[in-house]
Amino acid sequence: MALQEFLDQLEQLVSEAESTFSATESTDALEEARVEFLGAKNGKLKSVQKLMGSVDKEDKPLAGKTFNETKGRIESAFETANERIQGGAGDAERDTQFDPSLPGASFKIGRIHPITQTIEELKDIMGRLGFSTADGPEIEDDWHNFVALNIPDDHPARDPLENFYLATAEASSGEKNQVNLLLRSQTSTVQIRVMEKTKPPIRIISLGRVYRPDTADATHYPMFHQIEGLMIDTNVTMADLKSVLRLFATSYLGDDVTIRFRPSFFPFTEPSVEADYYWNGQWIEFGGAGMVDPNVLQAVGYDPEEVTGFAFGLGVERLCMRRHGITDIREFYKNDVRFLAQF
Ligand code: FA5
């Protein structure tokens with residue numbers, strides 16, 4: 001074989017290999033091209049190498065030298081393509097790795113909702129006064145939401161327009177065939193559930209969501225939270241109620257807070273009071289309270305001649321609003337991160 005013909009074949013192989021390698025887009029395609037040109041058994045370079053045997057003896061040194069250069073050029077075309085393909089994957093991998101040597105940047109982490117924070121703090125305050133926490137369901141029957149709380153059938157608090165009634169269900173006791181179910185309108189339901197199961201003395205609080213079809217405005221929301229307190233013992237008086245509520249309000253709102261009690265009415269307490277605090281030039285009601293009505297004590301099987309007690313139910317949102325200077329209850333439930341991030 002003439003030398004020139006051999007050299008031409010080598011040159012043609014280089015340009016063919018370079019354009020094939022540079023067109024590959026994946027590791028698999030590149031490997032296929034590598035085998036095609038550089039494969040040890042049937043690669044194209046190997047086939048051209050075999051032709052070297054037919055080159056004239058005196059031309060062999062130049063043919064061998066050019067062959068080695070050709071091999072180097074094809075290998076380097078392969079390396080370039082390999083770096084291109086591996087390099088792209090490497091960047092993606094690096095992006096997902098944590099590099100501790102990079103300058104610090106703070107992560108934006110979530111925060112606990114202000115109402116949840118308030119609930120935890122109120123539990124803490126009442127815990128220090130010896131009150132443990134009890135829970136009750138948000139879907140209630142009319143016995144726990146009304147009847148046992150001395151709220152008769154014809155009481156306006158049972159009006160369908162004042163409550164979120166859900167359905168009727170089979171009663172578990174044989175007394176009535178069906179009970180009305182509703183989203184509880186007050187946490188006072190938990191008083192009944194605890195007293196039904198526990199003998200006095202009792203000192204509990206219960207915190208949770210309650211639901212009323214109230215129109216949302218600056219101080220009302222159709223779903224809000226209450227903290228319920230209940231203390232039953234042989235000699236609990238109105239003075240105990242007043243001390244606990246005052247201590248509670250000053251612990252949470254600060255010593256400078258002014259609170260007042262107004263005579264009021266709840267079917268399940270007698271006497272009843274409304275508790276208000278003074279804020280921004282006006283009195284704001286933050287809860288109701290009173291001495292547990294003897295009818296309620298009887299409904300849960302207690303003897304009103306032996307035990308007495310007080311109960312209170314306060315709006316958690318309104319306490320939190322006063323504490324943080326929030327003027328509109330609706331802010332809590334807009335999910336606006338600019339508001340929530342402040343707590
Ligand atoms: C009651 O719910 C009684 N169960 C409280 C009670 C418990 C009295 C134990 C006696 C003994 P009232 O409906 O007033 O009471 O609600 C209590 C507090 O919940 C209110 O003072 C107010 O702070 C808050 N509240 C009532 N309605 C809303 C509303 N729509 N949005 C936000 N807070 C509310």
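Residues numbered from 1 in each chain as written. Predicted model: local features only at pLDDT ≥ 70, side-chain atom pairs only at ≥ 80, totals over all residues. Heavy atoms only, no water.

Caption draft 1: Highlighting helix α1 (residues 3–23). End to end, α1 covers 31 Å across 21 residues, agreeing with the expected 30 Å (1.5 Å per residue, within 8%). Among the residues making up α1, those that are buried are Leu3, Phe6, Leu7, Leu10, Leu13, Val14, Ala17 and Phe21. Buried residues in α1, looked at end-on, bunch into an arc of 115 degrees, giving them a common side. Along α1, the residues that are exposed and aim more than 90 degrees away from the buried face are Gln12 and Ala23. (Helix = DSSP H or I, 4+ residues; strand = E, 2+ residues; numbered from the N terminus. Expected span 1.5 Å × (residues − 1). Buried < 20%, exposed > 50% of the residue type's maximum accessible area, 1.4 Å probe, protein only. Arc of directions from axis to C-beta.)

Caption draft 2: Fine view of the site of the ligand. Around the ligand, the structure places 26 residues, and the nearest of them are Gln186, Ser188, Arg212, Asp214 and Glu285. Between the ligand and the protein, one listed contact pairs an oxygen atom with a side-chain N or O atom of Glu285 at 2.7 Å. Gly315 places a main-chain nitrogen or oxygen 3.5 Å from an oxygen atom of the ligand. For the ligand, whose unbound accessible area comes to 670 Å², protein coverage reaches 94%. (Near = heavy atom within 4 Å. Polar contact = N/O pair within 3.5 Å; in protein donor to acceptor, adjacent residues only side chain to side chain. Areas by Shrake-Rupley, 256 points an atom, 1.4 Å probe, with all protein chains shown as cover.)

Caption draft 3: Broad picture of the pattern of salt bridges. Summed over the entire model, instances satisfying the criterion amount to 19 salt bridges. Linking Arg330 and Asp328 is a salt bridge whose minimum nitrogen-to-oxygen distance equals 2.8 Å. Looking at Arg330, the relative accessible area reads 32%, which means it is partly exposed. Residue classification places Asp328 among the buried residues on the basis of a relative accessible area of 17%. Several salt bridges converge on common partners, so that one network encompasses Glu16, Glu36 and Lys44. (Salt bridge = Lys/Arg side-chain N within 4 Å of Asp/Glu carboxyl O.)

Caption draft 4: Quick look at helix α10 (residues 316–324). Burial runs high along α10: 7 of the 9 residues are buried. Taken as a whole, α10 has its buried residues at Val316, Glu317, Arg318, Leu319, Cys320, Met321 and Arg322.

Caption draft 5: Representation of the nonpolar core. Residues Ile227, Tyr277, Phe310, Phe312 and Leu319 are the most contacted members of the largest nonpolar core, which totals 41 residues. With 7 residues, helix α8 (residues 238–253) is the single largest residue contributor to this core. Ile227 has contacts with Leu122, Met126, Thr187, Ile205, Ser206, Leu207, Phe248, Phe312, Gly313, Leu314 and Val316, leaving out every residue within four places of it along the chain. (Core = buried A, V, L, I, M, F, W, Y, C linked by side-chain atoms within 4.5 Å. Contact = heavy atoms within 4.5 Å.)

Caption draft 6: Inspection of the packing of helix α5 (residues 114–128) against α10 at higher detail. Interaxial distance between α5 and α10 falls to 10 Å at its minimum, and their mutual angle equals 95 degrees. One way to sum up the angle between α5 and α10 is to call them roughly perpendicular. Residues Pro114, Ile115, Thr118, Ile119, Glu121 and Leu122 of α5 lie in contact with α10, whose contacting residues are Val316, Glu317, Leu319, Cys320 and Arg323. Grouping the amino acids of the contact of α5 with α10 by side-chain chemistry returns 7 nonpolar, 1 polar and 3 charged. (Axes fitted to C-alpha atoms, helices over the stretch in contact; angles between N-to-C directions. Parallel < 35°, antiparallel > 145°, perpendicular 65-115°, else oblique. Nonpolar A, V, L, I, M, F, W, Y, C, P; charged D, E, K, R; others polar.)

Caption draft 7: A look at the packing of aromatic side chains. By the definition in use, this model includes 11 aromatic pairs. Arranged with centres 6.4 Å apart and planes meeting at 40 degrees, the rings of Phe248 and Phe312 form a pair that is tilted. Taken together, the residues span a long stretch of sequence, with Phe248 in helix α8 and Phe312 in strand β10 (residues 308–315) at a distance of 64 residues. Neither residue differs from the other here; Phe248 and Phe312 are each classed as buried. Site record: aromatic cluster; members linked through ring pairs are Tyr221, Phe332, Tyr333, Phe339 and Phe343. When the ring centre of Phe131 is taken as reference, the NZ or CZ atom of Arg203 above it lies at 5.8 Å. Taking the ring centre of Tyr252 as reference, the NZ or CZ of Arg323 above it sits at 4.5 Å. (Phe/Tyr/Trp six-rings, centres within 6.5 Å; stacked < 30°, edge-to-face > 60°. Lys NZ or Arg CZ within 6 Å of the ring centre and 35° of its normal.)

Caption draft 8: Quick look at the sheet that holds strand β1 (residues 132–133). Read from one edge to the other, the open sheet built from 7 strands follows the order β1-β5-β6-β10-β9-β8-β7, with strand pairing classed as mixed. The open sheet has two edge strands, β1 and β7 (259–266), and neither has a second partner. Here strand β8 (residues 269–279) runs beside strand β9 (residues 282–292); their pairing, made up of 9 bridges, is antiparallel. Paired with Trp279 across the strands is Gln282, a residue of β9. In the packing of α5 onto the sheet, contacts are made with β1, β5 (202–211), β6 (223–233) and β10, and the angle to β5 comes to roughly 165 degrees. (Pairing = 2+ DSSP bridges.)

Caption draft 9: Fine view of the domain arrangement of the protein. Taken domain by domain, the protein consists of domain 1 (3–97) and domain 2 (114–136 + 190–340). Put simply, the middle of domain 1 and the middle of domain 2, counted by C-alpha atoms, are 83 Å apart. (Domains from an automatic or database assignment.)

Caption draft 10: Summary view of the layout of surface pockets. Estimates place the volume of the largest pocket at around 770 Å³. The wall of the largest pocket is formed by 37 residues, among which Ser185, Arg212, Phe224, Gln226 and Phe266 lie closest to the centre. For the lining of the largest pocket, the secondary-structure elements that each account for two or more residues are α7 (188–197), β6, β7, β8, β9, β10 and α10. The residue inventory of the lining of the largest pocket, partitioned by class, reads 15 nonpolar, 14 polar and 8 charged. (1 Å grid on protein atoms, 1.4 Å probe; cavity = no way out; pocket = protein on both sides within 12 Å on 5 of 7 lines; lining within 4 Å. Points joined across faces, edges and corners; volume = space filled by probe spheres on them.)

Caption draft 11: Quick peek at unusual backbone geometry. Here Pro200 and Pro201 are connected by a cis peptide whose omega angle stands at 0 degrees. Residues Glu270 and Pro271 are joined by a peptide bond in cis, for which omega reads -5 degrees. Mapping Pro271 onto the fold places it in strand β8. Positive phi is not limited to glycine here, since Asn150 has a value of about 70 degrees. One can find Asn150 in the loop between α6 (142–145) and β3 (164–170). Exposure remark for Asn150: the relative accessible area of 26% places this residue in the partly exposed category. In this model, Asn335 sits at a positive phi of 55 degrees, which is unusual for a non-glycine residue. With respect to the helices, strands and loops of the structure, Asn335 is situated in the loop between α10 and α11 (337–340). Residue classification places Asn335 among the exposed positions, given a relative accessible area of 62%.

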